[in-house]
Amino acid sequence: METKLLEPTHENIKEAARIIKAGGLVAFPTETVYGLGADAMNAEAVASVYKAKGRPSDNPLIVHIAEISDMAKLTPVVTDMMNKLAKHFWPGPLTMVVKKTENVPEITTGGLDTVAVRLPDNKNTRELIAVSGCPLVGPSANISGKPSPTKAAHVVDDLCGKIDAVLMGEDCRVGIESTVLDVSGEELTILRPGILTAEQIENSVGVKVNLDPALIKKKHTIQSPDRQKSDNGLLEDGDPDFKPRAPGMKYRHYAPNAEMLIIEGSADNVKKEIEQRKAQNEAEGKKVGVILFDSDDFEEAAHELFDQLRMMDKTGVDLILAGALPSEDGRGFAIMNRMLKSAGNNIVKV
Ligand code: TXA
Ligand code: MG
(Lines give C-alpha, C1' and ligand atoms only; values in the text may rest on other atoms or scores of the structure.)
(Ligands and ions follow the chains in the order given, each with its own letter.)
Protein backbone atom coordinates (compact mmCIF):
# COMPACT_ATOMS: atom_id res chain seq x y z
CA MET A 1 0.00 0.00 0.00
CA GLU A 2 1.17 3.51 -0.80
CA THR A 3 1.41 5.72 2.30
CA LYS A 4 0.53 9.36 1.57
CA LEU A 5 2.58 11.96 3.41
CA LEU A 6 0.11 14.81 3.93
CA GLU A 7 1.33 18.29 4.86
CA PRO A 8 -1.21 19.80 7.25
CA THR A 9 -3.26 22.03 4.91
CA HIS A 10 -7.05 22.19 5.34
CA GLU A 11 -7.43 20.32 2.04
CA ASN A 12 -5.11 17.55 3.19
CA ILE A 13 -6.84 17.32 6.57
CA LYS A 14 -10.11 16.79 4.69
CA GLU A 15 -8.42 14.09 2.63
CA ALA A 16 -7.15 12.43 5.84
CA ALA A 17 -10.66 12.59 7.32
CA ARG A 18 -12.08 10.91 4.19
CA ILE A 19 -9.59 8.07 4.69
CA ILE A 20 -10.60 7.72 8.36
CA LYS A 21 -14.32 7.70 7.49
CA ALA A 22 -13.67 4.95 4.94
CA GLY A 23 -12.07 2.78 7.66
CA GLY A 24 -8.45 3.63 6.83
CA LEU A 25 -5.43 4.42 9.00
CA VAL A 26 -3.82 7.87 9.34
CA ALA A 27 -0.97 8.65 11.72
CA PHE A 28 -1.16 12.06 13.41
CA PRO A 29 1.10 14.30 15.52
CA THR A 30 0.40 15.12 19.17
CA GLU A 31 2.40 16.94 21.82
CA THR A 32 3.48 13.60 23.38
CA VAL A 33 4.23 11.17 20.53
CA TYR A 34 2.69 10.46 17.09
CA GLY A 35 -0.50 8.37 17.19
CA LEU A 36 -1.92 5.87 14.70
CA GLY A 37 -5.46 7.03 14.00
CA ALA A 38 -8.57 5.13 12.98
CA ASP A 39 -12.31 5.54 13.68
CA ALA A 40 -12.59 4.37 17.31
CA MET A 41 -16.21 3.29 16.76
CA ASN A 42 -15.41 1.11 13.71
CA ALA A 43 -14.34 -2.34 14.97
CA GLU A 44 -12.87 -3.36 11.62
CA ALA A 45 -10.75 -0.21 11.33
CA VAL A 46 -9.52 -0.69 14.90
CA ALA A 47 -8.61 -4.32 14.10
CA SER A 48 -6.37 -3.08 11.30
CA VAL A 49 -4.58 -0.75 13.76
CA TYR A 50 -3.61 -3.73 15.93
CA LYS A 51 -2.49 -5.55 12.79
CA ALA A 52 -0.36 -2.68 11.39
CA LYS A 53 1.43 -2.26 14.73
CA GLY A 54 1.73 -5.97 15.50
CA ARG A 55 0.06 -5.18 18.84
CA PRO A 56 -1.35 -7.81 21.25
CA SER A 57 -5.16 -7.62 21.20
CA ASP A 58 -5.50 -7.46 25.02
CA ASN A 59 -3.81 -4.05 25.05
CA PRO A 60 -6.54 -1.37 24.84
CA LEU A 61 -6.23 1.83 22.83
CA ILE A 62 -6.58 5.48 23.83
CA VAL A 63 -9.51 7.30 22.19
CA HIS A 64 -8.73 10.86 21.07
CA ILE A 65 -11.39 13.58 21.03
CA ALA A 66 -11.54 17.15 19.69
CA GLU A 67 -13.72 18.82 22.36
CA ILE A 68 -14.35 18.20 26.06
CA SER A 69 -18.04 17.74 25.22
CA ASP A 70 -17.13 14.63 23.10
CA MET A 71 -16.61 12.78 26.43
CA ALA A 72 -20.38 12.35 26.71
CA LYS A 73 -20.39 9.96 23.71
CA LEU A 74 -17.86 7.64 25.33
CA THR A 75 -18.81 7.52 29.02
CA PRO A 76 -22.28 7.23 30.59
CA VAL A 77 -21.76 9.92 33.26
CA VAL A 78 -19.31 12.80 32.94
CA THR A 79 -18.51 13.40 36.62
CA ASP A 80 -17.47 16.67 38.26
CA MET A 81 -13.98 15.22 38.69
CA MET A 82 -13.68 14.44 34.97
CA ASN A 83 -14.79 17.97 34.12
CA LYS A 84 -12.34 19.48 36.59
CA LEU A 85 -9.44 17.43 35.22
CA ALA A 86 -10.42 18.21 31.64
CA LYS A 87 -10.59 21.96 32.34
CA HIS A 88 -7.18 21.91 34.04
CA PHE A 89 -5.21 19.68 31.73
CA TRP A 90 -6.87 19.45 28.28
CA PRO A 91 -5.69 19.88 25.67
CA GLY A 92 -2.61 18.20 27.11
CA PRO A 93 -0.72 15.03 28.08
CA LEU A 94 -3.40 13.50 30.32
CA THR A 95 -5.42 10.37 29.49
CA MET A 96 -8.45 9.59 31.65
CA VAL A 97 -9.67 6.00 32.07
CA VAL A 98 -13.46 6.18 32.52
CA LYS A 99 -16.43 3.75 32.38
CA LYS A 100 -17.36 3.11 28.76
CA THR A 101 -20.72 3.34 26.99
CA GLU A 102 -21.96 0.35 25.01
CA ASN A 103 -21.30 1.94 21.63
CA VAL A 104 -17.51 1.83 22.17
CA PRO A 105 -16.50 -1.46 20.50
CA GLU A 106 -14.86 -4.13 22.70
CA ILE A 107 -11.83 -4.30 20.42
CA THR A 108 -11.08 -0.62 21.15
CA THR A 109 -10.88 -1.29 24.89
CA GLY A 110 -9.32 -4.76 24.72
CA GLY A 111 -12.49 -6.20 26.28
CA LEU A 112 -12.40 -3.88 29.33
CA ASP A 113 -15.50 -2.05 30.58
CA THR A 114 -13.52 1.21 30.72
CA VAL A 115 -12.21 3.43 27.94
CA ALA A 116 -9.11 5.67 27.94
CA VAL A 117 -9.81 9.20 26.61
CA ARG A 118 -7.49 12.03 25.68
CA LEU A 119 -7.76 15.49 24.10
CA PRO A 120 -4.39 16.13 22.45
CA ASP A 121 -2.70 19.51 22.12
CA ASN A 122 -2.21 19.74 18.36
CA LYS A 123 -4.64 21.88 16.45
CA ASN A 124 -4.28 20.05 13.12
CA THR A 125 -4.97 16.74 14.81
CA ARG A 126 -8.00 18.17 16.59
CA GLU A 127 -9.21 19.47 13.23
CA LEU A 128 -8.73 15.99 11.78
CA ILE A 129 -10.83 14.48 14.60
CA ALA A 130 -13.53 17.13 14.21
CA VAL A 131 -13.74 16.81 10.41
CA SER A 132 -13.73 12.99 10.65
CA GLY A 133 -16.80 13.30 12.87
CA CYS A 134 -15.72 10.42 15.13
CA PRO A 135 -13.23 9.94 17.95
CA LEU A 136 -9.93 8.39 16.83
CA VAL A 137 -7.98 5.59 18.47
CA GLY A 138 -4.36 6.59 18.75
CA PRO A 139 -1.81 4.11 19.97
CA SER A 140 1.73 5.33 19.46
CA ALA A 141 2.46 5.12 15.71
CA ASN A 142 5.34 2.66 15.96
CA ILE A 143 5.78 -1.08 15.47
CA SER A 144 4.85 -2.62 18.84
CA GLY A 145 7.86 -2.92 21.13
CA LYS A 146 9.95 -0.22 19.40
CA PRO A 147 10.60 3.23 20.87
CA SER A 148 7.59 5.53 20.40
CA PRO A 149 7.77 7.96 17.46
CA THR A 150 8.52 11.58 18.34
CA LYS A 151 9.19 12.71 14.75
CA ALA A 152 7.27 12.21 11.52
CA ALA A 153 10.36 10.43 10.14
CA HIS A 154 10.07 7.79 12.91
CA VAL A 155 6.50 7.01 11.78
CA VAL A 156 7.62 6.74 8.17
CA ASP A 157 10.47 4.39 9.18
CA ASP A 158 8.12 2.04 11.03
CA LEU A 159 4.82 2.17 9.14
CA CYS A 160 5.46 3.26 5.55
CA GLY A 161 3.60 0.84 3.26
CA LYS A 162 1.43 -0.41 6.15
CA ILE A 163 -0.92 2.57 6.64
CA ASP A 164 -2.84 4.91 4.33
CA ALA A 165 -1.37 8.27 5.33
CA VAL A 166 0.66 10.33 7.77
CA LEU A 167 -0.53 13.81 8.75
CA MET A 168 2.86 15.45 8.90
CA GLY A 169 3.83 17.69 11.80
CA GLU A 170 6.57 19.01 13.98
CA ASP A 171 8.71 17.00 16.37
CA CYS A 172 6.68 16.21 19.49
CA ARG A 173 7.16 18.76 22.25
CA VAL A 174 6.92 16.38 25.24
CA GLY A 175 8.43 13.22 23.77
CA ILE A 176 7.03 10.59 26.15
CA GLU A 177 3.45 9.33 26.22
CA SER A 178 0.63 10.83 28.28
CA THR A 179 -0.01 10.19 31.96
CA VAL A 180 -2.77 7.57 32.17
CA LEU A 181 -5.05 8.30 35.15
CA ASP A 182 -7.83 5.97 36.26
CA VAL A 183 -10.85 8.12 37.10
CA SER A 184 -13.38 5.26 36.85
CA GLY A 185 -13.56 4.45 40.57
CA GLU A 186 -13.60 6.28 43.92
CA GLU A 187 -9.88 7.07 43.90
CA LEU A 188 -7.55 8.59 41.32
CA THR A 189 -4.73 6.23 40.30
CA ILE A 190 -1.91 6.74 37.83
CA LEU A 191 -1.59 3.64 35.64
CA ARG A 192 1.19 4.99 33.42
CA PRO A 193 3.43 7.85 34.58
CA GLY A 194 4.03 10.79 32.25
CA ILE A 195 5.36 14.32 32.24
CA LEU A 196 2.20 15.44 34.08
CA THR A 197 2.89 14.26 37.64
CA ALA A 198 0.75 13.01 40.54
CA GLU A 199 1.76 16.13 42.45
CA GLN A 200 0.53 18.48 39.72
CA ILE A 201 -2.79 16.63 39.53
CA GLU A 202 -3.16 16.67 43.34
CA ASN A 203 -2.43 20.39 43.48
CA SER A 204 -5.00 21.24 40.88
CA VAL A 205 -7.94 19.07 41.97
CA GLY A 206 -7.16 18.80 45.70
CA VAL A 207 -7.52 15.00 45.82
CA LYS A 208 -4.86 12.42 46.63
CA VAL A 209 -3.47 10.62 43.57
CA ASN A 210 -2.25 7.02 43.96
CA LEU A 211 0.30 5.22 41.83
CA ASP A 212 -0.53 1.74 40.58
CA PRO A 213 1.59 -0.40 42.99
CA ALA A 214 2.97 -2.36 40.03
CA LEU A 215 4.75 0.84 38.93
CA ILE A 216 6.32 1.49 42.30
CA LYS A 217 7.60 -2.04 42.51
CA LYS A 218 9.38 -1.63 39.18
CA LYS A 219 11.23 1.38 40.51
CA HIS A 220 13.01 -0.77 43.08
CA THR A 221 13.73 -3.70 40.83
CA ILE A 222 17.50 -3.92 40.48
CA GLN A 223 18.74 -6.66 38.22
CA SER A 224 22.14 -8.00 37.45
CA PRO A 225 23.63 -6.57 34.24
CA ASP A 226 24.12 -10.11 32.99
CA ARG A 227 20.45 -10.95 33.23
CA GLN A 228 19.05 -12.19 29.96
CA LYS A 229 16.12 -10.26 28.59
CA SER A 230 13.01 -12.45 28.57
CA ASP A 231 12.32 -13.39 25.00
CA ASN A 232 8.52 -13.57 25.19
CA GLY A 233 8.28 -9.80 25.46
CA LEU A 234 6.85 -9.86 28.98
CA LEU A 235 8.54 -8.20 31.92
CA GLU A 236 8.62 -10.03 35.23
CA ASP A 237 6.62 -12.94 33.90
CA GLY A 238 5.68 -15.34 36.64
CA ASP A 239 5.84 -12.64 39.32
CA PRO A 240 2.38 -12.64 40.95
CA ASP A 241 2.88 -9.15 42.47
CA PHE A 242 3.40 -7.55 39.11
CA LYS A 243 -0.06 -7.03 37.64
CA PRO A 244 -0.24 -3.54 36.15
CA ARG A 245 -3.76 -2.21 35.63
CA ALA A 246 -2.86 -0.66 32.27
CA PRO A 247 -2.41 -3.87 30.25
CA GLY A 248 0.26 -2.22 28.07
CA MET A 249 2.58 -1.75 31.04
CA LYS A 250 3.34 -5.46 31.25
CA TYR A 251 4.97 -5.65 27.83
CA ARG A 252 8.58 -4.99 27.05
CA HIS A 253 8.66 -1.70 25.22
CA TYR A 254 10.81 0.98 23.68
CA ALA A 255 13.40 -1.70 23.11
CA PRO A 256 16.41 -0.87 20.96
CA ASN A 257 18.14 -3.73 19.13
CA ALA A 258 21.27 -3.14 21.18
CA GLU A 259 21.77 -4.43 24.69
CA MET A 260 21.19 -1.57 27.15
CA LEU A 261 22.47 -0.99 30.69
CA ILE A 262 21.40 1.82 33.04
CA ILE A 263 23.89 3.13 35.56
CA GLU A 264 22.55 4.73 38.72
CA GLY A 265 24.50 6.79 41.26
CA SER A 266 26.05 10.21 41.82
CA ALA A 267 26.79 12.19 38.65
CA ASP A 268 30.56 11.67 39.08
CA ASN A 269 30.33 7.95 39.71
CA VAL A 270 27.99 7.44 36.79
CA LYS A 271 30.29 9.31 34.43
CA LYS A 272 33.34 7.33 35.57
CA GLU A 273 31.55 3.99 35.34
CA ILE A 274 30.30 4.80 31.84
CA GLU A 275 33.79 5.79 30.66
CA GLN A 276 35.31 2.65 32.09
CA ARG A 277 32.70 0.28 30.67
CA LYS A 278 32.82 2.06 27.32
CA ALA A 279 36.59 1.63 27.06
CA GLN A 280 36.39 -1.99 28.16
CA ASN A 281 33.67 -2.92 25.68
CA GLU A 282 35.31 -1.05 22.82
CA ALA A 283 38.52 -2.96 23.53
CA GLU A 284 36.45 -6.12 22.99
CA GLY A 285 35.46 -4.75 19.57
CA LYS A 286 31.93 -3.61 20.49
CA LYS A 287 30.32 -0.40 19.27
CA VAL A 288 29.12 1.52 22.33
CA GLY A 289 26.56 4.36 22.54
CA VAL A 290 26.05 6.62 25.56
CA ILE A 291 22.84 8.33 26.71
CA LEU A 292 23.55 10.84 29.44
CA PHE A 293 21.14 13.67 30.26
CA ASP A 294 21.56 16.55 32.70
CA SER A 295 20.01 15.07 35.83
CA ASP A 296 17.78 18.11 36.38
CA ASP A 297 16.61 18.79 32.82
CA PHE A 298 13.66 16.40 32.67
CA GLU A 299 11.97 18.18 29.77
CA GLU A 300 15.06 17.76 27.60
CA ALA A 301 15.48 14.11 28.61
CA ALA A 302 11.83 13.31 27.79
CA HIS A 303 12.11 15.16 24.49
CA GLU A 304 15.28 13.32 23.42
CA LEU A 305 15.04 9.79 24.81
CA PHE A 306 13.16 7.92 22.08
CA ASP A 307 14.98 9.73 19.27
CA GLN A 308 18.34 8.82 20.79
CA LEU A 309 17.32 5.17 21.18
CA ARG A 310 16.27 5.07 17.53
CA MET A 311 19.52 6.72 16.45
CA MET A 312 21.52 4.09 18.32
CA ASP A 313 19.81 1.40 16.26
CA LYS A 314 20.42 3.27 13.01
CA THR A 315 24.13 3.48 13.71
CA GLY A 316 24.34 -0.21 14.64
CA VAL A 317 25.42 0.17 18.26
CA ASP A 318 25.94 -3.12 20.20
CA LEU A 319 25.72 -1.71 23.72
CA ILE A 320 23.97 1.38 25.11
CA LEU A 321 25.17 2.77 28.43
CA ALA A 322 22.66 5.19 29.97
CA GLY A 323 22.80 7.35 33.09
CA ALA A 324 19.76 7.03 35.41
CA LEU A 325 17.69 10.10 36.25
CA PRO A 326 16.59 10.85 39.82
CA SER A 327 13.13 9.33 40.16
CA GLU A 328 12.01 11.22 43.28
CA ASP A 329 10.74 13.85 40.84
CA GLY A 330 7.58 12.61 39.08
CA ARG A 331 8.99 13.55 35.67
CA GLY A 332 12.22 11.65 36.36
CA PHE A 333 10.09 8.71 37.52
CA ALA A 334 8.18 8.74 34.23
CA ILE A 335 11.34 8.87 32.11
CA MET A 336 12.97 6.12 34.20
CA ASN A 337 9.86 3.99 33.65
CA ARG A 338 10.60 4.15 29.88
CA MET A 339 14.35 3.70 30.28
CA LEU A 340 13.97 0.63 32.49
CA LYS A 341 11.66 -0.95 29.94
CA SER A 342 14.08 -0.15 27.11
CA ALA A 343 16.86 -1.80 29.08
CA GLY A 344 14.76 -4.83 30.07
CA ASN A 345 15.47 -3.69 33.67
CA ASN A 346 19.24 -3.97 33.34
CA ILE A 347 20.48 -1.54 35.98
CA VAL A 348 23.55 -1.32 38.19
CA LYS A 349 24.23 0.99 41.13
CA VAL A 350 27.63 2.62 41.48
O1 TXA B 1 0.52 10.12 24.67
C2 TXA B 1 -0.17 9.13 24.39
O3 TXA B 1 -0.96 8.64 25.20
C4 TXA B 1 -0.04 8.56 22.98
C5 TXA B 1 -0.54 9.61 21.99
C6 TXA B 1 -0.55 9.14 20.57
O7 TXA B 1 -1.80 10.09 22.39
N8 TXA B 1 -0.74 7.30 22.85
C9 TXA B 1 -0.30 6.16 23.47
O10 TXA B 1 -1.06 5.04 23.23
O11 TXA B 1 0.68 6.12 24.17
P12 TXA B 1 -0.58 3.54 23.51
O13 TXA B 1 -1.64 2.70 22.90
O14 TXA B 1 0.79 3.36 22.99
O15 TXA B 1 -0.66 3.38 25.05
C16 TXA B 1 -1.91 3.27 25.72
C17 TXA B 1 -1.71 2.82 27.15
C18 TXA B 1 -1.39 1.35 27.23
O19 TXA B 1 -0.49 1.13 28.30
C20 TXA B 1 -2.77 0.75 27.56
O21 TXA B 1 -2.67 -0.49 28.21
C22 TXA B 1 -3.38 1.82 28.43
O23 TXA B 1 -2.95 3.03 27.86
N24 TXA B 1 -4.85 1.79 28.40
C25 TXA B 1 -5.66 2.06 27.35
N26 TXA B 1 -6.96 1.87 27.68
C27 TXA B 1 -6.97 1.49 28.97
C28 TXA B 1 -8.01 1.14 29.90
N29 TXA B 1 -9.29 1.15 29.54
N30 TXA B 1 -7.63 0.77 31.16
C31 TXA B 1 -6.33 0.77 31.52
N32 TXA B 1 -5.31 1.08 30.69
C33 TXA B 1 -5.62 1.44 29.44
MG1 MG C 1 2.76 2.66 22.71
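An account of the accompanying structure is given in this report. What you see is a predicted model, and the numbers here were worked out from it, not measured in a lab. Throughout this document, residue positions are counted from 1 along each chain, in the order its sequence is written. A letter from A marks each chain and a number from 1 marks each ligand, given out in the order of writing. In keeping with the model being predicted, local features are shown solely for residues with a pLDDT of at least 70 and side-chain atom pairs are shown and tallied solely at 80 or more, while totals for entire chains, interfaces and linings include all residues. The side-chain quantities take in all heavy atoms of the structure and omit both hydrogens and water.

## Quick word on the overall build of the protein
Stage number 1. Secondary structure counts use DSSP, requiring at least four H or I residues in a row for a helix and at least two E residues in a row for a strand, with both numbered from the N terminus. Check the secondary structure of the protein and you find 11 helices and 15 strands.
Stage number 2. Expected size for 350 residues packed as a compact globule is a radius of gyration near 20 Å; at 20 Å, the protein falls within 12% of this value.
Stage number 3. Contacts are assigned to residue pairs that have any heavy atoms within 4.5 Å of one another. Sequence separation of 24 or more characterises 69% of the internal contacts of the protein that already satisfy a separation of 6 or more.
Stage number 4. In the form shown here, the protein has an accessible surface area of approximately 15000 Å², with 49% of it arising from carbon and sulfur atoms.
Stage number 5. Asp and Glu are treated as the negative residues and Lys and Arg as the positive ones, with His and the ends of the chain left uncounted. By convention, the point assigned to a charge is CZ for Arg, NZ for Lys, CD for Glu and CG for Asp. A gap of 2 Å separates the mean positions of the 42 positive and 52 negative side-chain charges of the protein. Radius of gyration: over C-alpha atoms. The globule rule applied is 2.2 Å multiplied by the number of residues raised to the 0.38 power. The Shrake-Rupley method, run with a 1.4 Å probe, gives the accessible areas here. Residue values count only the displayed protein chains as cover.

## Comments concerning the pairing of strand β5 (residues 94-99)
A regular strand places its side chains on the two faces of the sheet in alternate fashion.
Stage number 1. By the criterion of burial, β5 is predominantly enclosed, with five of the six residues buried.
Stage number 2. By this definition, two strands are paired if DSSP reports at least two bridges between them. Of the pairings in the sheet, the one linking β5 to strand β9 (residues 179-182) comprises four bridges and is parallel in character. Following the sheet pairing, L94 is matched in β9 by T179.
Stage number 3. Sheet analysis places β5 next to strand β6 (residues 114-118), joined by five bridges and oriented antiparallel. Its bridge partner being in β6, K99 is matched across the sheet by T114. Type-normalised accessible area, obtained with a 1.4 Å probe on protein chains alone, sets the label of each residue: buried when under 20%, exposed when over 50%, and partly exposed for intermediate values.

## Section: the pairing of strand β10 (residues 188-192)
Stage number 1. Where burial is concerned, most of β10 is hidden: five out of the five residues are buried.
Stage number 2. Where β9 and β10 come together, three bridges link them in antiparallel fashion. The residue of β10 that forms the bridge with D182 is T189.
Stage number 3. Count of turn residues in the β9/β10 antiparallel hairpin: five residues.
Stage number 4. When β10 meets strand β11 (residues 209-211), the two strands line up parallel, connected through three bridges. Looking at β11, one finds that T189 is bridged to N210.

## Some details on the pattern of salt bridges
Stage number 1. When a carboxyl oxygen of Asp or Glu lies within 4 Å of a side-chain nitrogen of Lys or Arg, that pair is called a salt bridge. What the rule picks out here adds up to 18 salt bridges.
Stage number 2. A salt bridge links D307 to K151; the nearest nitrogen and oxygen atoms lie 3.5 Å apart. Taken together, the residues D307 in helix α10 (residues 298-314) and K151 in the loop between β7 (136-137) and α6 (152-159) connect sequence positions 156 residues apart.
Stage number 3. Classification of K151 as partly exposed rests on a relative accessible area of 26%.
Stage number 4. For D329, the salt bridge identified is with R331, shortest N-O distance 3.0 Å.
Stage number 5. Residue classification places R331 among the partly exposed positions, given a relative accessible area of 24%.
Stage number 6. Salt bridges here are not isolated pairs; linked through shared partners, they connect K4, E15 and R18.

## Thoughts on α6
Stage number 1. All of the buried residues in α6 are A152, H154, V155, D158 and L159. Take α6 and look down its axis: the buried residues cluster within an arc of 155°, on one side only.
Stage number 2. Considering only its buried residues, α6 is in contact with β2 (26-28), β3 (35-39), α2 (43-53), β8 (165-167) and α10.
Stage number 3. Immediately downstream of α6, the backbone of G161 shows phi near 90°, a positive value. Here, the arc refers to the directions that run from the helix axis to the C-beta atoms.

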